[in-house]
Amino acid sequence: MTDLKAFEKYAELARSMGAADALVVPAAEVVIDGRTYLKCMYGCKGWNANWTCPSAPGALKPWEFEPLLRRYAAGVLIHCAEKKPSHEISHAVEAAAFRDGHYFAFAMSDCAICKECSYPKGEPCRDPVRARPAMQGVGIDVYATVRRFGLPIATLPDRDAQPQNWYSLVMIA
């Protein structure tokens, strides 16, 4: 059994970079639900619009991702108020864990690298080294996972008129 306290420095890094909160969570408690794929396919206006979307060629489906997720010991669940910082912080945490020898560290965050993705133009990803899928895109039930750890999340009647909660997750083996 892995001591989760060993990963606390990555949560501290996220908070020092501006995350509203960051928690080390056991990988076994990350909730997978294949229905996220349905919500992506039929509920997201970004479906088939970017390289990190589950519709992109080669993207993992939730049922393919779950066995990989279960090989990890822990994750750093990162809470931000905005999309771009969420992506940047999760990438920095992944990089720090990698440098520390956790070579399978993997961040999941709604991609916010480019202002406009090259996917709809039929062009290759401009930054495939940093591009990462969103948690829900690989089957993680973000609402259930976040609520499990007592962090704020709610469906928003008007997402433009209310503050949003952006979450990313960095898995560490």
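Below: a short report on this structure. (Residues numbered from 1 in each chain as written. Predicted model: local features only at pLDDT ≥ 70, side-chain atom pairs only at ≥ 80, totals over all residues. Heavy atoms only, no water.)

With that settled, consider a nonpolar patch on the surface. A surface patch of nonpolar side chains, about 390 Å² in accessible area, is lined by Phe98, Tyr103 and Phe104. By the secondary structure assignment, tyrosine 103 is in the loop between helix H4 (83-99) and strand S3 (106-108). Judged by relative accessible area, which is 57%, tyrosine 103 ranks as exposed. (Patch = residues over 30% accessible without salt bridge, like charges linked within 9 Å, V, L, I, M, F, W, Y side chains within 5 Å. Areas by Shrake-Rupley, 256 points an atom, 1.4 Å probe, with all protein chains shown as cover. Salt bridge = Lys/Arg side-chain N within 4 Å of Asp/Glu carboxyl O. Helix = DSSP H or I, 4+ residues; strand = E, 2+ residues; numbered from the N terminus. Buried < 20%, exposed > 50% of the residue type's maximum accessible area, 1.4 Å probe, protein only.)

Attention shifts here to the sheet that holds S3. With antiparallel pairing, 4 strands are arranged side by side in an open sheet as S1-S2-S4-S3. Every interior strand has two partners, whereas the edge strands, strand S1 (21-26) and S3, have only one. Looking at each pair of strands side by side, their axes are set apart by 20° on average, direction ignored. Pairing between S1 and strand S2 (residues 74-80): 6 bridges, direction antiparallel. Looking at the pairing, valine 24 lines up with valine 76 of S2. On the sheet, helix H1 (residues 8-16) packs against S1, S2 and strand S4 (166-172) and is oriented at approximately 160° with respect to S1. Taken strand by strand, H4 contacts S2, S3 and S4, and its axis lies near 10° from that of S4. (Pairing = 2+ DSSP bridges. Axes fitted to C-alpha atoms, helices over the stretch in contact; angles between N-to-C directions. Contact = heavy atoms within 4.5 Å.)

It is worth spelling out H1 at this point. The set of residues buried in H1 consists of Tyr10, Ala11 and Ala14. Buried residues of H1, seen end-on, are gathered within an arc of 100° and therefore sit on one face of the element. On the buried face of H1, the contacting elements are S1, S2, H4 and S4. Directly after H1, the chain includes glycine 18, whose backbone phi takes a positive value near 115°. (Arc of directions from axis to C-beta.)

Here we take up the pattern of salt bridges. Considering all chains together, one arrives at 8 salt bridges under this definition. In this structure, the salt-bridge partner of arginine 130 is aspartate 127, at a minimum N-O distance of 2.7 Å.

Further remarks concern unusual backbone geometry. A positive phi angle, close to 60°, is found at asparagine 48, a residue other than glycine. Within the fold, asparagine 48 resides in the loop between helix H2 (35-43) and helix H3 (62-69). Judged by relative accessible area, asparagine 48 falls into the partly exposed class, the value being 42%.

All right, on to the side chain of serine 86 then. Topologically, serine 86 is positioned in helix H4. Only 3.3 Å separates the side chain of serine 86 from the side chain of serine 168, close enough to count as a polar contact. (Polar contact = N/O pair within 3.5 Å; in protein donor to acceptor, adjacent residues only side chain to side chain.)

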